[in-house]
Each structure stands twice: as C-alpha cells, then as structure tokens.
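Residues per chain are reported as follows:
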2 protein chains.
Amino acid sequence: MNRVYNFSAGPSMLPMPVLQRAADELLCYGESGMSVMEMSHRSADYEPIIADAEAMLRRLMNIPDNYKVLFLQGGASTQFAAVPLNLIGRTGKADYAVSGQFSGKAFKEAQKMGYDVKCIATTKDDNFDHVPVITKDMIRPDAAYLHICFNNTIYGTKYPYIPDAGDVPLVADLSSCIISEPVDVSRFGVIYAGAQKNMAPAGLTLVIVREDLLDYADPKMPTMLEWKTMADNGSMYNTPPCYTIYMAKLVYEWILSLGGLDVMKQMNERKANLLYDYLDSQDYYIAPVKKESRSMMNVTFVTGDAELDKKFAKEAAAVGLKNLKGHRSVGGMRASIYNAMPYEGVEALVAFMKDFAANNPKA
Amino acid sequence: MNRVYNFSAGPSMLPMPVLQRAADELLCYGESGMSVMEMSHRSADYEPIIADAEAMLRRLMNIPDNYKVLFLQGGASTQFAAVPLNLIGRTGKADYAVSGQFSGKAFKEAQKMGYDVKCIATTKDDNFDHVPVITKDMIRPDAAYLHICFNNTIYGTKYPYIPDAGDVPLVADLSSCIISEPVDVSRFGVIYAGAQKNMAPAGLTLVIVREDLLDYADPKMPTMLEWKTMADNGSMYNTPPCYTIYMAKLVYEWILSLGGLDVMKQMNERKANLLYDYLDSQDYYIAPVKKESRSMMNVTFVTGDAELDKKFAKEAAAVGLKNLKGHRSVGGMRASIYNAMPYEGVEALVAFMKDFAANNPKA
C-alpha cells in the first residue's frame, strides 16, 4: 500500500485511523454479526450509531439545544432549493450574497423557482478574489433570510467574520469549512454542508436548523426536502445514508480524541500558514486571493502560465501529490488541505513547489 | 467474526465476496494511492468506476440504448415527488395503482403537491394481501403515466406480470425486486429503486428513464430532482454518492460472475420455494398473501398470536436469524431473502420455524 497526499477539493482525504477502523469493522461490526452497511436503520444495532453521530457533532460544534441536526441526502445543491422551499414563506422574499460559484448557484436556483430574491452583494467583477463586505443596512429588513457561502471552495476564499444580519436569519453553506474550526452556531439560522470535504465520504448532507425556522415550509413542496418532516422523524422519514453517517461518526470521534475543534483549528492554521507563508515569500507563484479573505481549507495559486500550471499538476501527481489542478472554471492550482491532510502533506507540497520553481524558470 | 443471517427488509445483506473486496480495497484502491471514499468524482481514478457500474448494470438488465441510467440520492421517497415533477407536464394528470404503503405514499405525495392524480386500483380493503388487477381500460388514456410499486416490501406481494398500460408510460418502483430476476425494461417508461435492498448500502437511488420522457419537467422544480439535468451531466451535476456507486458496481460484478439475472432468478426461486413450500405444508404459520401475488423477495407469515410472533422474532435473533419482525404497520414476521441471502440462511430459518412450532404449541 502506497498512500498519496490527496489535495482534492472533495471528495477528499479521510483520516487514516478512521479508514483503518472502517476496514477492520467492515465485515462485522461489534457483536452485531453484520456490516454497518447491512444494518436496518431501525434496528437496535444501528440506532446507537446515528444517536452517537448526532451527540458527538453537538459536542464538537457546541450546538445549542434549540437547533435540530439533520442527516440528509442530495448534497448542498439540493439545499439550494430546500432553503427557499422551507424558509421563504416567512416573509416572501430573501437576500443572497454571491461570493463564488456555489453561492451563485444557490441564488440562481431560488430565482429559477420563481421567488423574490435579491443579490445584495457580489465580488464577481473582481473574479471573486475576496468576499463581499456585508453590513446590516444592505439586507432587506423583511427578508426571510440572508444566504451566504461561508467558504468558497473554488476560489479559496472565506468570510473572516460571521456577517451580522440583525434579525434576519443567516443561512450559510459551510460545506468546505465545517468542523475545521469552532464556529458560533447561535449566530446562524441554518447551517448546511455536504459531508464529502471534511466529514465523510460523499452522499451525506448535514443541516443544522434553529427550531423556530421549521414552520414556514411550502405545503406543496417535496416532502423529502422538508426539514420539519426530517426533524420530526429523527432523519429517518425514509432510509438515511446509514453507512455514510457511520463514517461521519468515526470522523467526529477522531476529532474529539484529538481535543476538539480548538485543536483542529490550530492544526489547520499551522498547515495553511506553512503554505501561505511560502507563497508570500517568493514571486514564482501568485496567490490571487486577497489576504483578508484567504481560506484555511482551499489554497489557490497560479504560475501565471497555463502550460506551466498543467505541467505542475502533472508532475506533482507523479510524485504522489494528487489532484492539485484548480477547478475547471478557474484553472491554476488548488490545494485543499482539510482536517485529514497531514502537516507532512503540506511540507511535501511546499518542497515540490520549490523544486518545480527552480527546475522551470519562466521565460 | 460470527456473521448472522440478516432478514432485514433493507438495508440488508450484501454478498460476502463483495464485502471482502470492499474491506481489502478500503485503504487503497488499486494504484490510486487512496480509498474510493476519498476520490474526487471527476478524477481519472474514479471515472472508470461509475462508467463500469453503468455498463455492468446495462448488461445485467439488458437496458435498451434509448434509456438513461441515473445514479441519484434521496431514496425512492424522493422519487415520489420527482416522478410528477418530471412527467406530469406531459398531459397534466396521472394515474396510480395503490398496492401497499409505498405506492400509497407515492400517490399521496403527488396529491399533496396539488396534481390531478387518480387512484385507479387498490387492494386496501383486503389489507393488501394481493396486488390489484390492472387492465388498459382502467387507465385514463391521457394520463401522463401510470405509477405502480412492482414489489411491495411490507406486505410481501408482487405483480406476477408487467401491467399493460398501452401508450401510457408505466412508471414503477422496483426498490425491493430490482436485479432479482430478468425484467423487460422496454415495457417501462421509468424504473426507479432505492439501492439498499438488493444493490448496495443505503444512499443510492437508481433511475432508468426512457429518453423521450426527459422533456416534461416543471421548469420551476428543484434542479437536483430533474432527471434531464442528471442525464445531461452523467449523474454528476453535483457530487454523486461515489462510494455507494462503487459498492453497487461490486454487486453487479458479483451477479455477472454468477451468470447474470437468469441464474440469480433460479437461486432466488429456490430459496423462496423452500420457504413457501414449508408454509404451505403446515398450519402452524399462516402466509397471508394470496398465492398469485407472492413476492420472491419478502415472505410474510404470522402465527396468529401476537405474543407468539414476538417470541418468534426474539428467539430467532438469539440463534443468529435477525430482523424477522414484520413491519411495524402490519406485525407478524417477514423474511426478506434478497440476492445476498444464502440458501443456507433460508434452510436455517425453516429448521428454526419447525422447532419453534414444536416447542410452542398453540392453546
């Protein structure tokens, strides 16, 4: 077995102790006589797994009691529709900040569905090289919610603060930064996240929703997208993605064993600093993101020469630094360094970057 | 490791060679240097996996070229909404046959969403102990589709034939009988199925849709439920449930290695016959389903005494025959004997049933 460092934006690396435990338990889980993959979601064997997953996540994120935790399917993209279907009934209109491709898709989805939505801020004209400034006075006071994408995977940006939306509930896509550092859940009305970046394999979507926001669902909406239905049924209105929830539980357990999100943040900062400090110390690579908007999870850079960028990604892969190619919509390079990426992986990347720069002088 | 025989209705048993291979490859897949769980869905490592999954399923089910195969999320319950959202625009109305709980839910979902739907046949008054007779003249000629549930997991019934809907496209939920025997796909407009009974762990939904039915989607519907969007993007409009698709691929590969669906049907018939023949040979247990509607996958029976039923399920579990309790809505016992249940499991069940009957004479 020769494991690589996988810088994929998602699905992405999982912690080795988690993978090892999953492999050990795959044929037979504890005394159950079966794989977790084979367990009925309503069985005494499975119930503690989903209960523990929720309890551990609540402990990890310090989720207040008046928030429901839902384990769903369909990815963040399904929530782009579920958010207005569940919430816009509160006042009939909603505001969006567009800081990249996914927040743009969320906005367009609500528009397509015929809702009264407004883009109150965007950094599109700057190629999304920073996140927009959001102040309370920009938000319509009668908006049902303000939607943001907290960390922008493709561009490598993140809000350096939680925007103050006043009395308007803040709804945030945290797919690419969830459980990477502590976050004050009470500042949000709804947090949602695809699991495949920092929590589990693909196929699980987490929704954390304040209870008072469960009562505005469109009565004609698809039942499976109704948060209230899922909350009332403990995420088991139908069969949940049981095995992926088990994998998430193992990941939560791993982070708790390390000391929780404060420790995770320190580890992630140390990795990100290593890479950003190197980027700031040289001029072969350009880091396009404005410093105050830099993401700790997704670090983007370019050589300024598309052919060199291509060579970089190819040669890096050949030495076991895989998936460094930037998103197809922006090009360049992107190193996604989520929780499971070891410090040594970033060290190896920086060493490779130095070698590559030395071996490939620009014209 | 002491594996049990797991008669769960779903999630349910997976073939041992499949679980063994998944365990062997869990930390590192081939030369990729990573787990399949960690692979970017758009990487050269992952692409052959989803391509092979589709190719193998097409071979297995003999799916005609004018049908799209979609690997989705959300379970059959999500398709209860997706079916009318994608299809009812064809004519504005749709017909349903209600043969159990899930077909009832599908009907109610379309009703709730405000559509003109009609229940053309139901066996509700007979406690769903058989499937309804469906003839062409019962179907509205201008129905956008006729919806049926082909195998009813909870009651243990199945249509003994594919109903003739004439020119009206037949839409069928095959969750609990898919790939258990050959089926003429060309007789259906749409087939859908949750994977967690006969194909993979929970978290994957298969949709097989005739191409000419992709053009009727409600323009305001959630994009993630649009079959056309998913078909145009090869099931990768967003991140698919990559690992669960890989597990399905291993299952398809296993069935192909055994000889395909003809062989699978023989194996399943042999198991079902063993159990039904025993049920028909004695009068301690009652099999409530009418013979012509019997399911090959889900076999229901009762002692006629709720306390004895409870004792049966409990004592069976204690000797490694787990999850024999019937669905909470109907009680009694249910043995789900999907593809992965070995013949020896059904033998062990029948032996236990004989012992239990001998040891627990009725008053």
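Here the structure is a predicted model, which means the values were calculated and not measured.

A.B. asks: Outline helix H6 (residues 242–258) of chain A, supporting the account with residue identities and numerical values.
C.D. replies: All names here are of chain A. Along its 17 residues, H6 runs 25 Å from first to last C-alpha, staying within 8% of the 24 Å computed at 1.5 Å per residue. Counting buried residues along H6, 14 of its 17 residues qualify, which places the element largely inside the surrounding structure. Just beyond H6, the residue with positive phi is Gly 259, at close to 125 degrees.

A.B. asks: Account for unusual backbone geometry, naming residues and giving values.
C.D. replies: Residue and element names in this part refer to chain A. Of the consecutive residues Gly 10 and Pro 11, the connecting peptide bond is found in the cis state with omega at -5 degrees. Locating Pro 11 in the fold gives a position in the loop between strand S1 (5–6) and helix H1 (16–25). Phi angles above zero are rare outside glycine, and Ile 179 is one such case at about 50 degrees. As for its position among the elements, Ile 179 is in the loop between strand S8 (170–173) and strand S9 (190–194). For Ile 179, a relative accessible area of 2% puts it in the buried group. Although it is not a glycine, Asn 323 sits at a positive phi angle of roughly 65 degrees.

A.B. asks: Explain the pairing of strand S11 (residues 298–301) of chain B to me, using residue names and the numbers behind them.
C.D. replies: Residue and element names in this part refer to chain B. Neither face of S11 is open: one carries Asn 298 and Thr 300, the other Val 299 and Phe 301, and all of them are buried. Here four bridges tie S11 to strand S13 (residues 333–336), and the two strands are oriented antiparallel to one another. Across the sheet, Asn 298 pairs through a bridge with Ser 336, a residue of S13.

A.B. asks: Could you give me a rundown of the sheet that holds strand S10 (residues 205–210) of chain B, with the residues and numbers involved?
C.D. replies: Residue and element names in this part refer to chain B. With mixed pairing, the seven strands of this open sheet are ordered in space as S2-S10-S9-S8-S5-S3-S4. If you trace the sheet from one side to the other, it starts and ends with strand S2 (67–72) and strand S4 (116–122), each paired once. Adjacent strand axes in the sheet meet at a mean angle of 20 degrees, parallel and antiparallel pairs treated alike. When strand S5 (residues 146–149) meets strand S8 (residues 170–173), the two strands line up parallel, connected through four bridges. Across the sheet, Cys 149 pairs through a bridge with Asp 173, a residue of S8. Sheet strands touched by helix H3 (residues 75–87): S2, strand S3 (93–98), S8, strand S9 (190–194) and S10. Its angle to S9, the strand with the most contacts, is close to 155 degrees.

A.B. asks: Just give me the short version of the relation of the copies chain A and chain B, but keep the residues and values in it.
C.D. replies: Between chain A and chain B, the superposition needs a rotation of 180 degrees and an axial shift of 0.0 Å, giving an RMSD of 0.0 Å. Both copies of the chain, as the preceding transformation shows, are related through a two-fold rotation axis. Looking at the rotation axis and the C-alpha trace of chain A, the residue lying nearest is Ala23(A), at 2.6 Å. Counting the interface residues of chain A, we find that 100% of their copies in chain B are interface residues as well, pointing to one common contact surface.

A.B. asks: Describe the packing of helix H7 (residues 261–280) of chain A against helix H9 (residues 343–359) of chain A, naming the residues involved and giving the relevant values.
C.D. replies: Residues and elements named next belong to chain A. Their axes nearest at 9 Å, the elements H7 and H9 cross at an angle of 10 degrees. Taken together, the axis directions place H7 and H9 in an arrangement best described as roughly parallel. Where H7 approaches H9, its residues Arg 270, Lys 271, Leu 274, Leu 275, Tyr 278 and Leu 279 are matched on the opposing element by Tyr 343, Val 346, Glu 347, Leu 349, Val 350, Met 353 and Lys 354. When the residues that make up the contact of H7 with H9 are grouped by side-chain class, the tally is nine nonpolar, no polar and four charged.

A.B. asks: Account for the interface of chain A and chain B, with residues named and values stated.
C.D. replies: Across the contact, 67 residues belong to chain A and 67 residues belong to chain B. Between chain A and chain B lies a buried interface of about 5000 Å² when both sides are counted; carbon and sulfur atoms form 56% of it. Of all residues in chain A, Leu27(A), Met37(A) and Glu38(A) give up the largest surface area on contact with chain B, accounting jointly for 14% of the area buried on that side. Where chain A touches chain B, the interface holds six salt bridges. The shortest N-O distance in the salt bridge between Glu226(A) and Lys112(B) comes to 2.6 Å. Taken together, chain A and chain B are joined by 28 residue pairs in polar contact (both at pLDDT 80 or more). Listing elements by their share of the side of chain A that touches chain B, those giving two or more residues are H1, helix H3 (75–87), helix H4 (101–112) and H6 of chain A. Looking at side-chain class alone, the side of chain A that touches chain B contains 32 nonpolar, 24 polar and eleven charged residues.

A.B. asks: Tell me about the side chain of Arg294(B), and please be specific about residues and values.
C.D. replies: All names here are of chain B. Within the fold, Arg 294 resides in the loop between helix H7 (261–280) and S11. Judged by its relative accessible area of 19%, Arg 294 falls in the buried class. Within the structure, Arg 294 has its side chain in polar contact with the side chain of Asp 280 (distance 2.7 Å). If near-sequence neighbours (up to four positions away) are discounted, Arg 294 is found in contact with Gly 156, Lys 158, Tyr 276, Asp 280, Ala 287 and Val 289.

A.B. asks: How would you summarise the nonpolar core if you had to cite specific residues and measurements?
C.D. replies: Ile179(A), Tyr243(A), Phe312(A), Ile179(B), Tyr243(B) and Phe312(B) are the most contacted members of the largest nonpolar core, which has 208 residues in total. Setting aside its immediate chain neighbours within four residues, Tyr243(A) contacts Ala22(A), Leu26(A), Val36(A), Met37(A), Leu26(B), Met37(B) and Tyr243(B). One finds Ala94(A), Ala110(A), Val190(A) and Tyr192(A) within the second-largest nonpolar core, a separate group that totals 37 residues.

A.B. asks: I'd love a proper account of H9(A), names of residues and values included.
C.D. replies: Residues and elements named next belong to chain A. With 17 residues, H9 extends 24 Å between its outermost C-alpha atoms, agreeing within 8% with the 24 Å of an ideal straight helix rising 1.5 Å per residue. If you check which residues of H9 are buried, you get Tyr 343, Gly 345, Val 346, Leu 349, Val 350, Phe 352, Met 353, Phe 356 and Ala 357. Elements in contact with the buried residues of H9: S1, H7, strand S11 (298–301), helix H8 (306–318), strand S12 (321–322) and strand S13 (333–336).

A.B. asks: Break down the sheet that holds strand S4 (residues 116–122) of chain A for me, citing the residues and quoting the values.
C.D. replies: Residues and elements named next belong to chain A. One open sheet accounts for seven strands, arranged S2-S10-S9-S8-S5-S3-S4; its pairing is mixed. Bordering the open sheet on either side are strand S2 (67–72) and S4, each of which pairs with just one other strand. Strand-to-strand twist of the sheet, defined as the mean angle between neighbouring strand axes without regard to direction, takes the value 20 degrees. Note: strand S3 (residues 93–98) against strand S5 (residues 146–149), two bridges, orientation parallel. If you follow Tyr 96 over to S5, its bridge partner there is His 147.

A.B. asks: Tell me what's going on with the environment of Thr123(A), and back it up with residues and numbers.
C.D. replies: Residue and element names in this part refer to chain A. Relative to the elements of secondary structure, Thr 123 occurs in the loop between S4 and S5. Taking C-alpha positions, Thr 123 is 26 Å from Asn 268, a pair spaced 145 residues apart along the chain. Among all residues touching Thr 123, those that are not within four sequence positions of it are Val 98, Ser 99, Phe 128, His 130, Val 131 and Pro 132.

A.B. asks: Which residues make up the environment of Asp262(A), and what values go with them?
C.D. replies: Secondary-structure assignment places Asp262(A) in helix H7. Considering only alpha carbons, one finds Asp262(A) and Pro182(A), 80 residues apart in sequence, at a separation of 6.3 Å.

A.B. asks: Help me get a handle on the packing of H6(A) against H7(A), residues and values and all.
C.D. replies: All names here are of chain A. For the pair H6 and H7, the least separation of the axes is 7 Å and the interaxial angle reads 85 degrees. On the basis of their axis angle, the class for H6 and H7 is roughly perpendicular. Of H7, the residues touching H6 (which contributes Trp 254, Ile 255 and Leu 258) are Leu 261, Val 263, Met 264 and Met 267. Counted by class, the contact of H6 with H7 contains seven nonpolar, no polar and no charged residues.

A.B. asks: So what's going on with the packing of aromatic side chains? Which residues, and what values?
C.D. replies: Residue and element names in this part refer to chain A. Applying the stated criterion across every chain, the model contains 35 aromatic pairs over all chains. Pairing Phe 312 with Phe 352 gives two aromatic rings, centres 5.1 Å apart and planes at 75 degrees, and the pair type is edge-to-face. Here Phe 352 lies in helix H9 and Phe 312 lies in helix H8, a separation of 40 residues in the sequence. Residue classification places Phe 352 among the buried residues on the basis of a relative accessible area of 11%. By way of ring pairs, the aromatic residues Tyr 278, Tyr 284, Tyr 285, Phe 301, Phe 312, Phe 352 and Phe 356 are connected into one cluster.

Reading guide: rules and limits
Residues numbered from 1 in each chain as written. Chains lettered and ligands numbered in written order. Predicted model: local features only at pLDDT ≥ 70, side-chain atom pairs only at ≥ 80, totals over all residues. Heavy atoms only, no water. Helix = DSSP H or I, 4+ residues; strand = E, 2+ residues; numbered from the N terminus. Expected span 1.5 Å × (residues − 1). Buried < 20%, exposed > 50% of the residue type's maximum accessible area, 1.4 Å probe, protein only. Pairing = 2+ DSSP bridges. Axes fitted to C-alpha atoms, helices over the stretch in contact; angles between N-to-C directions. Contact = heavy atoms within 4.5 Å. Least-squares fit on C-alpha atoms with pLDDT ≥ 70 in both. Parallel < 35°, antiparallel > 145°, perpendicular 65-115°, else oblique. Nonpolar A, V, L, I, M, F, W, Y, C, P; charged D, E, K, R; others polar. Buried area = accessible area lost by both parts, 1.4 Å probe. Salt bridge = Lys/Arg side-chain N within 4 Å of Asp/Glu carboxyl O. Polar contact = N/O pair within 3.5 Å; in protein donor to acceptor, adjacent residues only side chain to side chain. Core = buried A, V, L, I, M, F, W, Y, C linked by side-chain atoms within 4.5 Å. Phe/Tyr/Trp six-rings, centres within 6.5 Å; stacked < 30°, edge-to-face > 60°.

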